[in-house]
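If you want the building blocks of each chain, they are given just below.
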Protein chains: 2
Amino acid sequence: MADSLNCDLKSLSPLQLFERVTEQGEKVRALKAGKAPKDEIDAAVRMLLSLKLSYKTTTGQDYQAGLPPKDLVLINNGTTKEEDEDLVDPWNVQTSNAKGVDYDKLIVRFGSSKIDTDLINRIERAIGQKPHHFLRRGIFFSHRDMDQILDAYENKKPFYLYTGRGPSSQAMHVGHLIPFLFTKWLQEVFDVPLVIQLTDDEKYLWKDMTVEKAYEYARENAKDIIACGFDINKTFIFSDLDYLGTSAGFYKNIVKVQKHVTFNQVKGIFGFTDSDCIGKISFPAIQAAPSFSSSFPQIFNGKENIQCLIPCAIDQDPYFRMTRDVAPRIGQPKPALLHSVFFPALQGAQTKMSASDPNSSIFLTDTPKQIKTKINKHAFSGGRDTIEEHRKYGGNCDVDVSFMYLTFFLEDDDRLEQLKQLSPAGNSCKKIKTCRFFSSPLLLPTQEQSCVPTLCCAVPFGNLKHI
Amino acid sequence: MADSLNCDLKSLSPLQLFERVTEQGEKVRALKAGKAPKDEIDAAVRMLLSLKLSYKTTTGQDYQAGLPPKDLVLINNGTTKEEDEDLVDPWNVQTSNAKGVDYDKLIVRFGSSKIDTDLINRIERAIGQKPHHFLRRGIFFSHRDMDQILDAYENKKPFYLYTGRGPSSQAMHVGHLIPFLFTKWLQEVFDVPLVIQLTDDEKYLWKDMTVEKAYEYARENAKDIIACGFDINKTFIFSDLDYLGTSAGFYKNIVKVQKHVTFNQVKGIFGFTDSDCIGKISFPAIQAAPSFSSSFPQIFNGKENIQCLIPCAIDQDPYFRMTRDVAPRIGQPKPALLHSVFFPALQGAQTKMSASDPNSSIFLTDTPKQIKTKINKHAFSGGRDTIEEHRKYGGNCDVDVSFMYLTFFLEDDDRLEQLKQLSPAGNSCKKIKTCRFFSSPLLLPTQEQSCVPTLCCAVPFGNLKHI
């Protein structure tokens with residue numbers, strides 16, 4: 001049996017082997033906890049030992065719980081990634097491809113699952129309405145255990161949503177809205193509680209700012225988030241600096257996670273070094289803890305083990321891979337995840353929009369005039385090099401930032417398709433390289449053939465601060 | 001000038017040089033903060049650069065704030081300490097010398113100051129009464145900045161006391177009482193607030209126990225601590241697991257410390273490795289934070305920068321060396337310290353009494369009968385190998401554990417001296433190697449010439465649980 005097992009195992013990647021060992025370890029623990037018959041436990045332990053041996057043979061390393069094999073670990077370590085690999089971690093997104101990060105490759109590297117037509121159809125059946133265009137257009141493209149959430153929903157079992165924001169500046173930009181807009185929709189269709197973590201402590205630790213400034217940014221950002229229109233009876237927004245000092249359950253979960261994650265692991269997952277401060281090193285536990293309902297006894301009446309669903313951009317996945325590894329070891333359910341693509345910078349999809357580079361970003365505080373200027377001045381154009389070429393081939397939607405923004409913000413599928421089809425023929429613009437053929441997402445065109453952006457849905461976002 | 005300076009500096013040890021650089025760095029910061037004249041600042045900066053150069057020449061390493069040179073660092077790393085050096089860190093105390101740790105050497109290695117006659121006399125003048133016998137007998141033997149505390153006291157400026165306990169078991173032993181008994185005396189004579197931290201989170205992280213068990217031990221230990229009789233209007237005892245979730249100020253100070261200490265530093269100070277969990281790695285900040293009055297806004301009405309005095313056993317000093325390094329960088333005063341020797345295990349002064357080895361310890365829950373049995377069975381005797389030798393030379397007080405205990409608990413100096421003098425002549429005991437010539441500290445002798453311990457002050461401690 002061991003031979004045929006080893007034979008099967010040879011076809012597995014180091015990561016798949018790692019996951020097999022982890023699963024088997026959990027199985028052994030469950031059998032022991034459930035006081036299963038001795039021979040059953042013994043068989044499971046033998047299997048575990050075989051798997052560990054295979055893992056060592058394949059990777060040359062001893063299996064260490066929670067420490068994935070090198071090829072998985074490297075995804076977060078820019079210095080050692082392969083030449084043509086995209087850099088994606090909680091602090092950096094960079095690719096050499098003008099069309100943006102290769103998300104199919106990322107799914108394989110991160111070990112998540114693609115949101116395919118079957119899953120989207122299942123969501124549609126469950127909620128009885130058309131899924132959000134973020135799902136239909138692959139903006140939320142990857143998941144972990146979304147099936148379990150749907151099982152829970154269909155069986156009328158409770159679950160809750162958790163998302164968050166690192167308040168690194170006073171103003172949020174439109175890219176920051178993506179998880180919140182989607183989370184608002186999820187809350188509406190599933191009618192569930194939502195917790196929103198503002199990691200002001202993280203920003204204090206990472207940036208050159210005071211505790212007071214980080215907390216101020218958290219408050220300011222909270223206003224923008226509130227303006228998205230969450231259910232006020234089912235939404236809890238908190239600053240870490242605040243909530244840690246007022247919650248009976250939050251710190252207990254943090255310290256539980258901190259006991260079950262080593263420096264080796266966070267080094268592998270986040271690329272921390274010996275020169276990093278101990279605050280950064282232990283922070284991942286603080287982002288992990290809201291995945292457990294016992295962190296919010298006031299919301300769940302002390303009820304533990306309520307399943308959690310986390311909508312977030314995929315660069316946050318390392319935190320939750322770690323959380324999912326720890327969860328069973330502290331007696332908690334693993335959180336499920338829905339991952340979004342990144343919102344492209346004005347300069348192009350090689351990197352995401354970043355608040356620390358004002359020219360890359362459209363802020364929620366920008367006036368319609370400022371937005372128009374930024375789009376005209378900075379948004380990377382899919383226009384061709386000459387008027388002749390442009391008339392002949394039309395604009396290139398795949399790299400045109402304005403068109404990308406429309407895929408995020410223009411809900412009407414037909415209109416979006418129409419705009420795309422218009423590109424070869426309909427453009428009357430003469431200044432091909434300096435203006436935006438496809439218009440801005442915030443400044444939606446009223447006349448498709450004009451290259452002058454006009455205001456359509458700009459006002460709701462531009463005015464969020466005044467709500 | 002630089003040459004003569006370098007000449008002077010050559011006579012300094014790496015540690016002394018390190019401290020000179022640190023001091024000079026603080027001086028530069030203070031000058032800048034105080035907007036001193038430019039030429040004064042420039043001169044101080046030049047001096048700082050010279051000192052850093054000397055440090056590099058002497059140690060071969062660049063100066064790094066908070067990271068002392070290797071020979072200081074090694075005190076906490078058992079694997080690399082010199083052969084004849086005592087091992088002293090927050091988790092281990094071990095020496096090959098039956099008389100116990102060489103505390104004079106420890107003062108030099110730790111860079112603290114000896115509590116000398118001058119300081120004891122100054123304390124006596126300040127409080128207008130005889131100092132505690134722990135001071136008179138060198139049980140509290142080392143300090144940092146105690147002069148500043150006395151300055152504050154004489155100038156009617158406020159200060160507060162901070163001590164603590166790691167609740168690793170249900171029952172405390174008599175050794176644990178030493179800092180508390182002394183702290184109670186300090187509170188009495190100086191009439192100041194006191195905070196007592198119970199690090200249940202630390203014990204959860206370090207030991208194989210649940211959060212709930214650690215918290216339960218904290219509550220149990222609190223009862224023993226309360227029984228010492230602190231001023232109930234000026235004493236705040238807290239569990240970390242509890243207090244972190246209820247304090248507006250505590251976590252903010254923790255995260256400030258965590259931002260200013262790197263993994264390299266805690267590795268150097270505490271000997272952590274890459275395999276340690278991130279909870280252990282970041283814990284030192286949690287023990288540091290109560291050194292700052294802003295961690296207790298409810299006690300100090302939000303007043304910051306009140307000076308803190310920490311009475312503790314010297315094995316806790318690494319935490320506070322780190323704290324003192326961080327303090328000026330987060331705008332807080334450095335805590336002052338008073339260090340005690342270790343309370344010897346029953347088996348002898350080579351190691352300290354440890355709750356995890358019941359045979360080494362007298363617990364506060366032990367009955368008088370159990371205490372008697374433990375003393376008779378386990379306490380290392382200063383008696384000689386034969387009756388003849390014992391009659392001729394008398395017992396050896398320097399290694400006799402029972403006599404050591406008397407130095408801790410028998411307040412009467414004359415009686416202690418009398419007992420010591422009695423040893424050569426007065427012993428009528430026939431079972432020299434199996435009974436205790438000097439009696440137990442808890443079971444003080446009523447008849448000096450008898451080797452049968454009798455109860456004298458045993459009851460107060462033995463019954464603490466029932467108070």
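The model shown is predicted, which means the values in this text are computed figures rather than measured ones.

Caption draft 1: How the structure looks around the pairing of strand 8 (residues 307-313) of chain A. Residues and elements named next belong to chain A. Most of strand 8 is tucked away, with seven of its seven residues classed as buried. The side-chain alternation of strand 8 yields two buried faces, one formed by Gln307, Leu309, Pro311 and Ala313 and the other by Cys308, Ile310 and Cys312. Note that strand 5 (residues 159-165) and strand 8 share three bridges and pair parallel. Of the residues in strand 8, the one forming a bridge with Tyr160 is Cys308. Alignment of strand 8 against strand 9 (residues 336-340), held across five bridges, turns out to be parallel. Bridged to Ile310 within strand 9 is Leu337. Traced from strand 8 through helix 18 (residues 317-326) to strand 9, the parallel crossover comes out right-handed.

Caption draft 2: Expanded view of the packing of aromatic side chains. Inspection of the entire model under this criterion finds 57 aromatic pairs over all chains. Taken together, a centroid distance of 5.7 Å and an interplanar angle of 15 degrees make the contact between Tyr243 of chain B and Phe296 of chain B stacked. On the criterion of sequence distance, the pair formed by Tyr243 of chain B in helix 12 (residues 240-243) and Phe296 of chain B in the loop between helix 16 (284-288) and helix 17 (297-300) is long-range, its members being 53 residues apart. Ring-pair connections join several aromatic residues into one group, and the members of that group are Phe134, Phe140, Phe182, Trp185, Phe343, Tyr405, Phe408 and Phe409 of chain A. It is Lys259 of chain B that lies over the ring of Tyr204 of chain A; its NZ or CZ is 4.2 Å from the centre.

Caption draft 3: Just helix 9 (residues 174-190) of chain B, in detail. All names here are of chain B. Between its first and last C-alpha, helix 9 extends 25 Å over 17 residues, near the 24 Å set by a 1.5 Å rise per residue. Burial of helix 9 is extensive: 14 of the 17 residues sit out of reach of the surface. In the segment just after helix 9, Asp191 is the residue with positive phi, at about 55 degrees.

Caption draft 4: Geometry of the interface of chain A and chain B. In this assembly, 37 residues from chain A lie in contact with 37 residues from chain B. Summed over both partners, the interface of chain A with chain B comes to about 3,100 Å²; 62% of that surface belongs to carbon and sulfur atoms. For the chain A face of the interface with chain B, the top three residues by lost area are Tyr251, Lys259 and Ile278 of chain A, together amounting to 24%. There are two salt bridges connecting chain A and chain B. With a closest N to O distance of 2.3 Å, Asp274 of chain A and Lys267 of chain B form a salt bridge. Run the count over chain A and chain B and you get 27 residue pairs in polar contact (both at pLDDT 80 or more). Elements with a minimum of two residues in the side of chain A that touches chain B: helix 10 (200-206), helix 11 (211-226), helix 12 (240-243), helix 13 (250-259), helix 14 (263-270), helix 15 (278-282) and helix 16 (284-288) of chain A. Considering every element that reaches the side of chain A that touches chain B, the biggest residue donor is helix 13 of chain A, with six residues.

Caption draft 5: Structural view of the relation of the copies chain A and chain B. Mapping chain A onto chain B leaves a residual RMSD of 0.3 Å; the transformation is a rotation of 179 degrees accompanied by 0.0 Å of translation along its axis. Here the two chains are linked by the operation of a two-fold rotation axis.

Caption draft 6: Looking closely at the pattern of salt bridges. Residues and elements named next belong to chain A. Overall, the coordinates contain 41 salt bridges over all chains when judged by the stated rule. Among the salt bridges present, the one from Asp276 reaches Lys280, with a minimum N-O distance of 3.5 Å. The class of Asp276 is buried, set by a relative accessible area of 15%. Overall, the relative accessible area of 17% leaves Lys280 in the buried class. The network of salt bridges with shared partners includes Lys130, Arg136, Arg137 and Asp413.

Caption draft 7: Expanded view of the sheet that holds strand 3 (residues 113-114) of chain B. Residue and element names in this part refer to chain B. With mixed pairing, seven strands are arranged side by side in an open sheet as 3-4-9-8-5-6-7. Either end of the sheet is taken by a strand with one partner, and the two such strands are strand 3 and strand 7 (235-239). Here strand 4 (residues 140-144) pairs with strand 9 (residues 336-340) via four bridges, running antiparallel. When the bridges of strand 9 are listed, Ser142 appears paired with His339. Lying over the sheet, helix 18 (residues 317-326) contacts strand 4, strand 5 (159-165), strand 8 (307-313) and strand 9, oriented at roughly 165 degrees with respect to strand 9.

Caption draft 8: Representation of the sheet that holds strand 8 of chain A within the structure. All names here are of chain A. As summarised here, the arrangement of the seven strands in space is 3-4-9-8-5-6-7, forming an open sheet in which the pairing is mixed. Since the sheet does not close on itself, it has two edges, and those belong to strand 3 (113-114) and strand 7 (235-239), each with one partner. This element, helix 8 (residues 146-154), spans strand 4 (140-144), strand 5, strand 8 and strand 9 of the sheet and lies at about 135 degrees to strand 8.

Caption draft 9: Structural view of the environment of Val255 of chain A. Mapped onto the elements, Val255 of chain A comes out in helix 13. Taking the C-alpha atoms as reference points, Val255 of chain A and Ala285 of chain A, 30 residues apart in sequence, are found 7.6 Å from one another. Discounting chain neighbours no more than four positions away, the residues touching Val255 of chain A are Asp201, Tyr204, Leu205, Val211 and Leu241 of chain B.

Caption draft 10: Geometry of the side chain of Lys280 of chain A. Tracing the sequence through the fold places Lys280 of chain A in helix 15. Setting aside residues up to four positions removed in sequence, Lys280 of chain A forms contacts with Leu205, Trp206 and Phe272 of chain A.

Caption draft 11: Focus on the confidence of the model for chain A. All names here are of chain A. Per-chain confidence: chain A averages 80 in pLDDT, with 82% of residues scoring 70 or above. Segment residues 70-81: pLDDT under 50, and 22 contacts once partners within four positions in sequence are set aside and those in other chains are kept. Confidence drops under pLDDT 50 across residues 424-467; counting only partners more than four residues distant or on other chains, this segment forms 108 contacts. For this predicted complex, the interface confidence score (ipTM) comes to 0.75, while the overall pTM stands at 0.76.

Caption draft 12: Quick look at the domain arrangement of chain A. All names here are of chain A. Taken domain by domain, chain A comprises domain 1 (2-59), domain 2 (70-345) and domain 3 (365-466). Tallying the contact residues gives 22 residues for domain 2 and 19 residues for domain 3. Between domain 2 and domain 3, roughly 1,700 Å² of surface is buried when both sides are summed, and carbon and sulfur atoms account for 64% of that area. The partner of Arg137 in a salt bridge is Asp413, and the shortest N-O contact between them spans 2.7 Å. Listed by contribution, the elements that provide at least two residues to the side of domain 2 that touches domain 3 are helix 7 (133-136), helix 9 (174-190), helix 11 and strand 10 (344-345).

Caption draft 13: Local environment of unusual backbone geometry. The backbone phi angle of Asn305 of chain A is positive, close to 65 degrees, even though this residue is not glycine. Note on placement: Asn305 of chain A falls in the loop between helix 17 (297-300) and strand 8.

Caption draft 14: Local environment of helix 2 (residues 14-33) of chain B. Residue and element names in this part refer to chain B. Relative to the 28 Å expected for 20 residues at 1.5 Å per residue, helix 2 spans 28 Å between its end C-alpha atoms, a close match to the ideal helical length. Buried within helix 2 we find Leu15, Leu17, Phe18, Val21, Thr22, Gln24, Gly25, Val28 and Leu31. Looking one or two residues past helix 2, Lys35 carries a phi angle of roughly 50 degrees, positive in sign.

Caption draft 15: Structural context of the nonpolar core. Residues Val257 and Val266 of chain A together with Val257 and Val266 of chain B are the most contacted members of the largest nonpolar core, which totals 92 residues. With 61 residues, the next largest nonpolar core counts Leu119, Met172, Phe182 and Val189 of chain A among its residues.

Caption draft 16: Focus on the environment of Phe409 of chain A. All names here are of chain A. Within the fold, Phe409 resides in helix 21 (residues 401-409). Given a relative accessible area of 9%, Phe409 falls into the buried group. The spatial distance from the C-alpha of Phe409 to the C-alpha of His133 is 9.0 Å, given a sequence separation of 276 residues.

Caption draft 17: View of the state of the cysteines. Under the defined criterion, the tally for this structure stands at zero disulfides over all chains. This cysteine, Cys277 of chain B, is not joined by any disulfide, and Cys277 of chain A carries the nearest cysteine sulfur, 17 Å off. Free of any disulfide, Cys308 of chain B has its nearest neighbouring cysteine sulfur in Cys312 of chain B, separated by 10 Å.

Caption draft 18: Focus on the packing of helix 14 (residues 263-270) of chain B against helix 18 of chain B. Residue and element names in this part refer to chain B. Helix 18 packs onto helix 14 with a crossing angle of 145 degrees between their chain directions and a minimal axis gap of 10 Å. As helix 14 runs across helix 18, the sense of the crossing is right-handed. Of helix 18, the residues touching helix 14 (which contributes Gln265, Val266, Ile269 and Phe270) are Pro318, Tyr319, Met322 and Asp325. Considering only residue class, the contact of helix 14 with helix 18 consists of six nonpolar, one polar and one charged.

Thresholds, definitions, all that
Residues numbered from 1 in each chain as written. Chains lettered and ligands numbered in written order. Predicted model: local features only at pLDDT ≥ 70, side-chain atom pairs only at ≥ 80, totals over all residues. Heavy atoms only, no water. Buried < 20%, exposed > 50% of the residue type's maximum accessible area, 1.4 Å probe, protein only. Helix = DSSP H or I, 4+ residues; strand = E, 2+ residues; numbered from the N terminus. Pairing = 2+ DSSP bridges. Right-handed = clockwise from strand over helix to strand, strands pointing away. Phe/Tyr/Trp six-rings, centres within 6.5 Å; stacked < 30°, edge-to-face > 60°. Lys NZ or Arg CZ within 6 Å of the ring centre and 35° of its normal. Expected span 1.5 Å × (residues − 1). Contact = heavy atoms within 4.5 Å. Buried area = accessible area lost by both parts, 1.4 Å probe. Salt bridge = Lys/Arg side-chain N within 4 Å of Asp/Glu carboxyl O. Polar contact = N/O pair within 3.5 Å; in protein donor to acceptor, adjacent residues only side chain to side chain. Least-squares fit on C-alpha atoms with pLDDT ≥ 70 in both. Axes fitted to C-alpha atoms, helices over the stretch in contact; angles between N-to-C directions. pLDDT = per-residue confidence, 0-100. Domains from an automatic or database assignment. Core = buried A, V, L, I, M, F, W, Y, C linked by side-chain atoms within 4.5 Å. Disulfide = S-S within 2.5 Å. Left-handed = near helix turned anticlockwise from the far one by under 90°. Nonpolar A, V, L, I, M, F, W, Y, C, P; charged D, E, K, R; others polar.

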